[in-house]
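What the coordinates show
Below are the chains, spelled out letter by letter.
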Amino acid sequence: MRNEFIGKVLSAVPDPQRRKPPAILFIGSPLVFGDWILRVAASESGGMEVRRHDELAPAELERLAGEVTLRMVVVEETQVEELARHMAQGGHAGATYWAVAYHDRDIARGVLDRRLDGGPLRDVRLLPMHVPVEVWALIFRLTLWGDYFVPCELLPTAAAEPAPVKEKAPAPAAVAAGLTPRETEVLDLVAQGGQNKVIAHRLGLSEHTVKLHIHRIISKVGVRNRTAAANWYLSGRSGAGG
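All of the points below concern the structure found in this document. Remember, predicted model here, so these are calculated numbers, not experimental data.

1. Concerning the packing of aromatic side chains
- Across all of its chains, the model carries four aromatic pairs by this definition.
- The interplanar angle of 15° and the centroid separation of 6.3 Å between the aromatic rings of Phe26 and Phe140 together place this pair among those described as stacked. In this pair, Phe26 sits in strand S1 (residues 22-27) while Phe140 sits in helix H7 (residues 133-144), placing the two residues 114 residues apart along the sequence.
- Look at Phe26 and you get buried, because its relative accessible area is 0%.
- In textbook terms, an aromatic cluster arises when at least three aromatic residues are bridged by ring pairs, as seen for Phe26, Phe33, Trp36, Trp136 and Phe140.
- Across from the ring centre of Tyr148, 3.7 Å away, lies the NZ or CZ of Arg115, which sits over that ring.

In structure tokens, the structure reads:
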């Protein structure tokens, strides 16, 4: 009886190693790692906890590592040197994978070169931030599960690059707002009255991805809902036509 009681007590004691939930940490500005990034990361990771910190602070990383099991840490490109110093000092905070999120190709090429040199960044991966959301989600998932993805834009190329495929010119307002070609396609279909399910079928996307596109469109355009975004788009096209 006594042994049974002791067994129950011991089984009730939490095991910090076993019970720490897996998590993903983004380090950088909310302008780079906005809400949509955090939502996509949570979705693509199967519901892991996702957090964002402004700066790469070793003490904070160690504290966080005591609360969660860090599966991946993604660092904004402006903090590459801080990351290199941190890694050179043996800092890893228990993270399984580290990645640099980049817009600037030159910075990304520099990280790739330093990885190949075998220095502090030898295990760091790259995550492009200027690609369509469905592409970003795929690369993120590959990185999270251990693959190393190198965008072709970072590889040595011949002097002449292939001519881009001609596409329908987007409205000037869409270009000015910074909408990607895919976001413009989605907004064009929204303006035609298309519902998410129809748009997803038309473009070969999931409804979840369409919703993320619309969220980003609304944020970039600076309106409150999809109807206002559609009206903004239509007024921009009619203005361009006039």
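2. Observations concerning the pattern of salt bridges
- Scanning the model with the defined rule gives 13 salt bridges in all.
- Taking the shortest distance from any N to any O, the salt bridge between Glu153 and Arg105 comes out at 3.0 Å. Taken as a pair, Glu153 in the loop between H7 and helix H8 (172-176) and Arg105 in helix H6 (residues 105-116) lie far apart in primary sequence, 48 residues in all.
- Accessibility expressed as a relative area gives 41% for Arg105, which makes it partly exposed.

3. Some points on the nonpolar core
- Within the largest apolar cluster, 25 residues are counted, with the highest numbers of intra-cluster contacts made by Phe26, Phe33, Ile37, Val74, Trp136 and Phe140.
- Looking at this core, the elements that each hand over two or more residues are S1, helix H3 (35-44), strand S3 (69-76), strand S4 (97-102) and H7.
- With six residues, the single largest contributor to this core is H7.
- Among all residues touching Trp136, those that are not within four sequence positions of it are Phe26, Ile37, Val40, Ala41, Leu127, Pro128, Met129 and Val131.
- In terms of nonpolar packing, the next biggest core, distinct from the first, is built from 24 residues, Ile27, Val68, Val75 and Val100 among them.

4. Focus on the sheet that holds strand S5 (residues 124-128)
- Across the sheet, five strands lie side by side as S2-S1-S3-S4-S5; this open sheet has parallel pairing. At either margin of the open sheet sits one strand with a lone partner, and together these are strand S2 (49-53) and S5. Here the strands of the sheet are splayed against their neighbours by 25° on average, with no regard to which way each runs.
- Note that S3 and S4 share five bridges and pair parallel. What sits directly across from Val75, in S4, is Val100.
- Lying on the sheet, H6 is in contact with S4 and S5; it crosses S5 at an angle near 160°.

Rules behind the numbers
Residues numbered from 1 in each chain as written. Predicted model: local features only at pLDDT ≥ 70, side-chain atom pairs only at ≥ 80, totals over all residues. Heavy atoms only, no water. Phe/Tyr/Trp six-rings, centres within 6.5 Å; stacked < 30°, edge-to-face > 60°. Helix = DSSP H or I, 4+ residues; strand = E, 2+ residues; numbered from the N terminus. Buried < 20%, exposed > 50% of the residue type's maximum accessible area, 1.4 Å probe, protein only. Lys NZ or Arg CZ within 6 Å of the ring centre and 35° of its normal. Salt bridge = Lys/Arg side-chain N within 4 Å of Asp/Glu carboxyl O. Core = buried A, V, L, I, M, F, W, Y, C linked by side-chain atoms within 4.5 Å. Contact = heavy atoms within 4.5 Å. Pairing = 2+ DSSP bridges. Axes fitted to C-alpha atoms, helices over the stretch in contact; angles between N-to-C directions.

So far we have only geometry, and geometry alone does not tell us how the molecule works.
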